[in-house]
Amino acid sequence: MGAMSVRPDTDAAAQQAAGEAPHRAGFACFVGRPNAGKSTLTNALVGQKVAITSNRPQTTRHTVRGIVHRDDAQLILVDTPGLHKPRTLLGERLNDVVRTTWAEVDVIGFCLPADQKLGPGDKYIVKELAGIKKTPKIAIITKTDLVDSKQLAEQLIAVSRLGEELGFEWAEIIPVSAVKDTQVDLLGDLIAPLLPVSPPLYPEGDLTDEPEMVMVAELIREAALEGVRDELPHSIAVVVEEMIPREGRPADKPLLDIHANVYIERPSQKGIIIGPKGKRLKDVGTKSRKHIEALLGTPVFLDLHVKVAKDWQRDPKQLRKLGF
Ligand SMILES: Nc1nc2c(ncn2[C@@H]2O[C@H](COP(=O)(O)OP(=O)(O)OP(=O)(O)O)[C@@H](O)[C@H]2O)c(=O)[nH]1
Ligand SMILES: [Mg+2]
């Protein structure tokens, strides 16, 4: 809570006396299968990139909190990894993270892409959600820009039926497009009244509670994911070892040295990541450095190394080292 000293009950009473709705604050999480558009939607609501995104499934590997500040409410959005059938220890850990999260939040947003048929993966998730009786659930049809109105109508009916089949009613069903910014603000309007009456939980201006080093590592991983195929996306992990201001720089020309390791699982993957004459790794550095500089607001010297952490997705010790 930090600087906040308002007592929630007194504050709410005062607001109500003044004829205003009381301020609300709380947690809403986005769940759905991998690639459903959860992180893109989180970023669109926050208005800044707090979670990395890619067209590879299982891009998100830990919960990322994005904070939306409004006059009437503070929405803390918890973006979770896509729920899927686990094939590795990492996969199991990711699913555990998701289940712990949805037990703790005030609102659950189930994300279903408009352009994909509602499948067994979705049913499996919604069935579990049906068991969390006390928490309001919103069905969010994502990526509406990819379909026509007929397809969208079918998807809306399908998700509504699924709720009925499982014996609960969605608090809301809303189609959105994060890419085209369609109905994203409306989604915020629907979530806000479902949150408990409370003063803000995060200081104004905070958009995420992700540590900078983690954000930097994620931006490098995002760049490294681009253009790699098959199993390789899953094999990549990034750890920032240090971030130190370069000594002896004039005050108006600072430079931040960032040393990071890009881990892969097998020596054979090294060549793909590094590319011919190191070109791919260089591109990853250039691309992510731009995002990192924008995030930190300072020029950066980025030093990337590729290392093998043998079969890290299945090895508890390696997972711990990599922060899972
Ligand atoms: N056309 C379109 N594409 C979208 C939209 N939202 C997300 N996408 C794309 O869908 C892909 C997956 O998006 P993410 O936000 O990374 O999906 P996610 O649900 O967070 O995926 P995981 O973290 O792997 O579970 C990316 O290529 C996005 O650009 C949208 O509104 N419209
Ligand atoms: Mg994601």
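About the thresholds
Residues numbered from 1 in each chain as written. Chains lettered and ligands numbered in written order. Predicted model: local features only at pLDDT ≥ 70, side-chain atom pairs only at ≥ 80, totals over all residues. Heavy atoms only, no water. Helix = DSSP H or I, 4+ residues; strand = E, 2+ residues; numbered from the N terminus. Rg over C-alpha atoms; globule rule 2.2 N^0.38 Å. Buried < 20%, exposed > 50% of the residue type's maximum accessible area, 1.4 Å probe, protein only. Contact = heavy atoms within 4.5 Å. Lys, Arg positive; Asp, Glu negative; His and termini not counted. Charge placed at Lys NZ, Arg CZ, Asp CG, Glu CD. Near = heavy atom within 4 Å. Polar contact = N/O pair within 3.5 Å; in protein donor to acceptor, adjacent residues only side chain to side chain. Nonpolar A, V, L, I, M, F, W, Y, C, P; charged D, E, K, R; others polar. Domains from an automatic or database assignment. Buried area = accessible area lost by both parts, 1.4 Å probe. Salt bridge = Lys/Arg side-chain N within 4 Å of Asp/Glu carboxyl O. Donors = N, O, S within 2.8 Å, 3.2 Å for Na, K, Ca; no water. Pairing = 2+ DSSP bridges. Axes fitted to C-alpha atoms, helices over the stretch in contact; angles between N-to-C directions. Expected span 1.5 Å × (residues − 1).

1. A closer look at the overall build of the protein chain
Within the protein chain, the secondary structure is distributed over 11 helices and 9 strands. Here the C-alpha atoms of the protein chain give a radius of gyration of 21 Å, agreeing with the 20 Å that 2.2 N^0.38 yields for 324 residues. Every one of the 324 residues in the protein chain was classed for burial, and the buried ones make up 48%. Residue pairs in contact within the protein chain that sit at least 24 positions apart in sequence constitute 71% of those at least 6 positions apart. When the 43 basic and 44 acidic side-chain charges of the protein chain are each reduced to a single mean position, those positions are 9 Å apart.

2. Details of the site of ligand 1
Close contacts around ligand 1 come from 22 residues, with Lys38, Thr40, Gln58, Thr59 and Asp145 the closest. Here Asn35 contributes a backbone N or O atom positioned 3.0 Å from an oxygen atom of ligand 1. Here the residues of the shell around ligand 1 are counted per class, giving 6 nonpolar, 12 polar and 4 charged.

3. As for the domain arrangement of the protein chain
Each assigned domain of the protein chain is listed here: domain 1 (2-194) and domain 2 (212-321). On a C-alpha basis, the centroid separation for the pair domain 1 and domain 2 is 29 Å. Across the boundary between the two partners, domain 1 contributes 16 residues, which contact 20 residues of domain 2. Across the domain 1 to domain 2 interface the summed buried area is about 1600 Å²; carbon plus sulfur atoms make up 55%. On the domain 1 side of the interface with domain 2, the three residues burying the most area are Ile52, Arg56 and Arg61, jointly 36% of the side's total. Here domain 1 and domain 2 share 1 salt bridge between them. The partner of Lys49 in a salt bridge is Glu222, and the shortest N-O contact between them spans 3.0 Å. Our count for the domain 1 to domain 2 interface comes out at 10 residue pairs in polar contact (both at pLDDT 80 or more). Per-class residue counts for the side of domain 1 that touches domain 2 are 5 nonpolar, 6 polar and 5 charged.

4. Notes on the coordination of the magnesium ion (ligand 2)
Note on the magnesium ion (ligand 2): its protein donors are Ser39 (OG) and Thr60 (OG1). The metal-donor distances range over 1.9 to 2.1 Å. Taken together, the residues Ser39 in helix α2 (residues 38-46) and Thr60 in the loop between α2 and β2 (64-69) connect sequence positions 21 residues apart. Of the residues examined, Thr60 reaches a relative accessible area of 8% and is grouped as buried.

5. Details of the environment of Leu194
Mapped onto the elements of the fold, Leu194 is located in the loop between α6 (184-191) and α7 (212-225). Residue Leu194 is classed as partly exposed on the basis of its relative accessible area, which comes to 29%. Contact partners of Leu194, with chain neighbours within four places excluded, come to Asp106, Val107, Pro136, Ile138 and Ala171.

6. Considering the sheet that holds strand β7 (residues 237-245)
Taken in spatial order, the 3 strands line up as β7-β8-β9 in an open sheet, and their pairing is mixed. Each edge of the open sheet carries a strand with a single partner, namely β7 and β9 (300-308). Direction aside, the axes of adjacent strands within the sheet are offset by 15° on average. Bridge analysis of strand β8 (residues 256-264) against β9 gives 9 bridges, and the strand direction is parallel. What sits directly across from Asp257, in β9, is Phe301. The strands touched by α7 are β7, β8 and β9; relative to β7, the strand with the most contacts, the crossing angle is about 125°. Strands β7, β8 and β9 of the sheet are contacted by helix α10 (residues 279-296), whose axis makes an angle of about 135° with β9.

7. As for α10
Spanning 18 residues, α10 covers 25 Å between terminal C-alpha atoms, matching the ideal 26 Å at 1.5 Å per step. For α10, the full list of buried residues reads Arg280, Leu281, Val284, Gly285, Ser288, Ile292 and Leu296. In this fold, the buried residues of α10 make contact with α7, β7, β8, α9 (270-274) and β9. Phi turns positive one or two residues past the end of α10, at Gly297, with a value near 70°.

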